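Next come the chains, spelled out residue by residue.
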Amino acid sequence: MNKDKTLPISILIYNPRSGSTLDRDLWLGTTIDKICTHLKYAVVVHATTPDTSSSSILKSFLALEPELVVAAGGDGTIRHILGSLSETKVDIPVGLVPFGTGNLLARNLKIFQEALFVDPLQSAIDVIAARRTKRIDLGKMNGNYFCVAAGACPLSDAILAPTQEEKQNWGVLAYVGSMMQTVTSPPVTFRIDADGVKFEVKALGVIVTNVGDIGYATMSERAQLDDGWLDLCIVTLEDFSDYMNMGFKVASAMLATGAPFYIRKVRKVTIESPKGPVSANIDGDHCGTTPMHIEVIPKAVNILCP
């Protein structure tokens, strides 16, 4: 509990590639100042690199006995930090400071909202200051943790298609164009084992989600971050044609109800592609290929939430 120190220790881990250099200098300095002056923590700052992994990100800081971890960046950065806490079994509360493009975990936890006259940084600091916690589930795919979703196939790959510049300029809308282009992609045959139920399907997208809102649509209205389940969502060719007929609603992110997905609650699922490897992704990052062995890690981490 850092009894010999004037202030308790916090670890601020941030992604230096989030936003432009000017933006980063502004929000990073402001974040450190607010943690020190508003929250009354001493701050140890660490920048992630492209080689950062869940297994290594926090190990060197545990000897400091931190009482708070602040994760600043997008969903890719946050998944590494939360995965590290889950892996090391250290029950330290985590505050999220969302500075990515989608900020999907923060959106689903109501930490991040896009609204006029709302300062997202101050909102995030206020949530941390309130010290209300919520234990949430994580997913794990082939040994890699995710907090939002894991997927394969063209529809899932569309999440990865926009460049960093496009995402900075257009935000969530950057994904709409790449998603619409998947209508011309051929479906892929998948062999799926969902908690022992085995079947084969041709699909434009197979996504295993931990959240309901994925930015441009609602994948599963039943998805809950703390229910001990993941949601297997499959979009077949026919289903996606339905989506193209509702193109305006896709573009305006209004697919909150009536989504023509096949959805199934799962604790463990294996996704194979018998005709050859298909690229896989988790939380917007490329992560190997099929086969994908996915499981839920219930109540894995403690998040500071509204």
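Residues numbered from 1 in each chain as written. Predicted model: local features only at pLDDT ≥ 70, side-chain atom pairs only at ≥ 80, totals over all residues. Heavy atoms only, no water.

Engineer: How should the overall build of the protein chain be read in this particular structure?
Structural biologist: The secondary structure content of the protein chain amounts to nine helices and 16 strands. Considering the protein chain as a whole, with its 306 residues, one finds that 51% of them fall into the buried category. Taking the intrachain contacts of the protein chain between residues at least 6 apart in sequence as the baseline, contacts between residues at least 24 apart amount to 77%. Accessible surface, the protein chain: about 13,800 Å² in total, of which carbon and sulfur atoms supply 54%. (Helix = DSSP H or I, 4+ residues; strand = E, 2+ residues; numbered from the N terminus. Buried < 20%, exposed > 50% of the residue type's maximum accessible area, 1.4 Å probe, protein only. Contact = heavy atoms within 4.5 Å. Areas by Shrake-Rupley, 256 points an atom, 1.4 Å probe, with all protein chains shown as cover.)

Engineer: Would you take a moment to explain the nonpolar core for this structure?
Structural biologist: When a protein is soluble and globular, its nonpolar side chains tend to lie buried together. L82, L96, L105, L109 and I303 are the most contacted members of the largest nonpolar core, which totals 38 residues. When residues of this core are traced back to their parent elements, those giving at least two are β1 (9–14), β3 (68–73), α2 (75–88), β4 (94–98), α3 (104–108), β5 (133–141) and β16 (292–304). Ignoring sequence-local partners within four residues, the contact set of I303 consists of L82, V94, L96, L109, I111, R132, T133, K134 and I136. (Core = buried A, V, L, I, M, F, W, Y, C linked by side-chain atoms within 4.5 Å.)

Engineer: Would you mind going over α2 with me for this structure?
Structural biologist: Over its 14 residues, α2 extends 20 Å from the first C-alpha to the last, a length consistent with the 20 Å expected when each residue adds 1.5 Å. With respect to burial, α2 is a largely interior element, 12 of its 14 residues being buried. Buried within α2 are the following residues: D75, G76, T77, I78, R79, H80, I81, L82, G83, S84, L85 and S86. The positive-phi residue at the C-terminal boundary of α2 is K89, with phi of around 60°. (Expected span 1.5 Å × (residues − 1).)

Engineer: What is the right way to look at the sheet that holds strand β10 (residues 205–209) in this model?
Structural biologist: Strand pairs in the sheet, formed through backbone hydrogen bonds, run parallel or antiparallel to each other. Strands sit in the order β12-β11-β10-β7-β14-β15 across an open sheet of six strands; the sheet is antiparallel. Two strands close off the open sheet at either side, each with one partner strand: β12 (262–266) and β15 (285–289). Neighbour-to-neighbour, the strand axes of this sheet turn through a mean angle of 20°, independent of strand direction. (Pairing = 2+ DSSP bridges. Axes fitted to C-alpha atoms, helices over the stretch in contact; angles between N-to-C directions.)

Engineer: I would appreciate a short explanation of the packing of aromatic side chains in the present structure.
Structural biologist: The way to describe two aromatic rings as a pair is by their centre distance and the angle between their planes. All told, the structure shown has two aromatic pairs when counted by the stated rule. Consider the rings of Y14 and W27, whose centres lie 6.3 Å apart with planes at 85°: the pair is edge-to-face. Of this pair, Y14 sits in strand β1 while W27 sits in helix α1 (residues 21–37), and the two are 13 residues apart along the sequence. Neither residue differs from the other here; Y14 and W27 are each classed as buried. Members of the aromatic cluster, connected to one another through ring pairs, are Y14, W27 and F99. In this structure, R267 is placed above the aromatic ring of W229, and the distance from its NZ or CZ to the ring centre is 3.8 Å. (Phe/Tyr/Trp six-rings, centres within 6.5 Å; stacked < 30°, edge-to-face > 60°. Lys NZ or Arg CZ within 6 Å of the ring centre and 35° of its normal.)

Engineer: So what exactly am I meant to see when it comes to helix α4 (residues 120–130) here?
Structural biologist: An α-helical segment advances 3.6 residues per turn. Residues three or four places apart therefore align on the same side. Taken residue by residue, α4 has L121, A124, I125, V127 and I128 as its buried positions. Along α4, the residues classed as buried sweep out an arc of 155° about the axis, all on the same side. Note on α4: the residue one or two positions beyond its end, R131, has a positive phi of about 60°. (Arc of directions from axis to C-beta.)

Engineer: So what exactly am I meant to see when it comes to the side chain of D283 here?
Structural biologist: Within the secondary structure, D283 is located in the loop between β14 (279–282) and β15. Of the side chains bearing the opposite charge, R79 lies closest to the buried D283, which forms no salt bridge; the N-O distance is 4.8 Å. Within the structure, D283 has its side chain in polar contact with the backbone nitrogen of C147 (distance 2.8 Å). Setting aside residues up to four positions removed in sequence, D283 forms contacts with D75, G76, R79, F146, C147, V148 and A149. (Lys, Arg positive; Asp, Glu negative; His and termini not counted. Salt bridge = Lys/Arg side-chain N within 4 Å of Asp/Glu carboxyl O. Polar contact = N/O pair within 3.5 Å; in protein donor to acceptor, adjacent residues only side chain to side chain.)

Engineer: What should I look at first to understand unusual backbone geometry in this one?
Structural biologist: Excluding glycine, residues mostly have negative phi values, and the peptide bonds linking residues are mostly trans. Here the residue pair T290 and P291 is connected by a cis peptide bond, since its omega of 5° sits within 30 degrees of zero. Summarising the element assignment, P291 is placed in the loop between β15 and β16. In this model, K89 sits at a positive phi of 60°, which is unusual for a non-glycine residue. Unusually for a residue other than glycine, N142 sits at a positive phi of about 50°. For N142, the position within the fold is in the loop between β5 and β6 (144–146). For N142, a relative accessible area of 35% corresponds to the partly exposed category.

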